[in-house]
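Geometric and topological summary
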Amino acid sequence: FLPYLAGVWSPRACLILIFFVSLFRGAAYGLGSSGWFPLLHDIVPRQITGRYFANMRTSWQCAYLVTLLLIAWLLGDDAEWWKFEIVFLVAVLGFVVRAISIVPMVESPVRAEQVKKISILARFREVFGEEKLRQVILYIFAYFMAAWLTQPFKIKLLCDLGYSYGFILAAVAMVGLGAIISLRFWGKLADRFGNRSLFTLGILAMPFSTVLWVFVGPNSKVLVLCLFFF
């Protein structure tokens with residue numbers, strides 16, 4: 001509802017709304033993601049897990065790519081406010097369809113002996129009390145901080161340099177194109193060699209592609225497209 005409220009609310013009130021909505025969405029996404037992949041592992045045979053996830057991710061990356069390119073075309077060089085209203089409304093409808101599509105899915109039932117009713121604080125103490133789990137949590141925390149900390153600032157940087165909203169969305173769509181191309185090989189390689197070797201290669205490449213952002217300027221369209229792609 002932000003595009004409609006922006007006309008009657010103060011910028012301060014809109015920014016407060018963005019903050020709390022982003023916080024709530026992040027929490028909801030985290031809760032949903034923690035159940036999403038276990039649910040998939042329940043219904044996917046182990047011997048084809050890599051290829052299945054590669055095909056599934058390729059499908060949604062194709063949808064991601066096409067959607068962003070269509071939005072980029074809609075917004076163009078001069079993005080009027082009514083265009084953002086259309087984008088937000090279509091996005092809301094998409095989330096509703098997504099929620100409805102999960103309803104008929106059936107997961108493996110939780111066995112009674114697996115359920116351990118303890119407080120949230122006790123659960124944290126239990127997890128951090130295990131050395132291996134503690135190492136995994138610290139690793140995941142460091143990984144996601146490194147991988148995602150710069151993402152919002154890339155968009156801000158491109159806006160400050162004068163790039164249009166249409167171009168920025170088209171550039172972000174290159175993430176989907178890069179995923180589509182790489183996922184074709186990832187599934188087969190993961191089933192054959194395991195995920196660790198592929199994960200290591202990806203981690204080694206990420207700092208290199210990130211540091212190249214220091215060379216982005218007002219006339220670096222090709223470089224921007226390549227950096228989002230890689």
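Residues numbered from 1 in each chain as written. Predicted model: local features only at pLDDT ≥ 70, side-chain atom pairs only at ≥ 80, totals over all residues. Heavy atoms only, no water.

A closer look at the confidence of the model for the chain
For the chain, the average pLDDT comes to 85, and 97% of its residues sit at 70 or higher. Looking across the chain, the model is least confident in helix α1 (residues 2-5), with a mean pLDDT of 79, and most confident in helix α10 (residues 221-229), with 93. (pLDDT = per-residue confidence, 0-100. Helix = DSSP H or I, 4+ residues; strand = E, 2+ residues; numbered from the N terminus.)

Describing a nonpolar patch on the surface
Together, V136, Y139, I140, F144, W148 and F199 give the surface a local cluster of nonpolar side chains, amounting to about 600 Å² of exposed area. It is helix α6 (residues 131-148) that contributes the most residues to the nonpolar patch, 5 residues altogether. Along the chain, the position of F144 falls in helix α6. Look at F144 and you get partly exposed, because its relative accessible area is 42%. (Patch = residues over 30% accessible without salt bridge, like charges linked within 9 Å, V, L, I, M, F, W, Y side chains within 5 Å. Areas by Shrake-Rupley, 256 points an atom, 1.4 Å probe, with all protein chains shown as cover. Salt bridge = Lys/Arg side-chain N within 4 Å of Asp/Glu carboxyl O. Buried < 20%, exposed > 50% of the residue type's maximum accessible area, 1.4 Å probe, protein only.)

Section: the nonpolar core
L158, Y163, L169, W213, V216, V224 and F228 are the most contacted members of the largest nonpolar core, which totals 23 residues. For this core, the leading source of residues is helix α8 (residues 165-193), giving 9 residues. Excluding residues within four positions of it along the chain, Y163 makes contact with L158, I168, G217, P218, N219, S220, K221 and V224. (Core = buried A, V, L, I, M, F, W, Y, C linked by side-chain atoms within 4.5 Å. Contact = heavy atoms within 4.5 Å.)

Notes on the packing of α8 against α10
It is at 7 Å that the axes of α8 and α10 come closest, and there the two elements cross at 40 degrees. With respect to their mutual orientation, α8 and α10 come out oblique. The interaxial crossing formed by α8 with α10 has right-handed handedness. For the pair formed by α8 and α10, the contact residues are F167, A170, A171, V172, M174, V175, L177, G178 and I181 on the first element and K221, V224, L225, F228 and F229 on the second. A breakdown of the residues in the contact of α8 with α10 according to their chemical character gives 12 nonpolar, 1 polar and 1 charged. (Axes fitted to C-alpha atoms, helices over the stretch in contact; angles between N-to-C directions. Parallel < 35°, antiparallel > 145°, perpendicular 65-115°, else oblique. Left-handed = near helix turned anticlockwise from the far one by under 90°. Nonpolar A, V, L, I, M, F, W, Y, C, P; charged D, E, K, R; others polar.)

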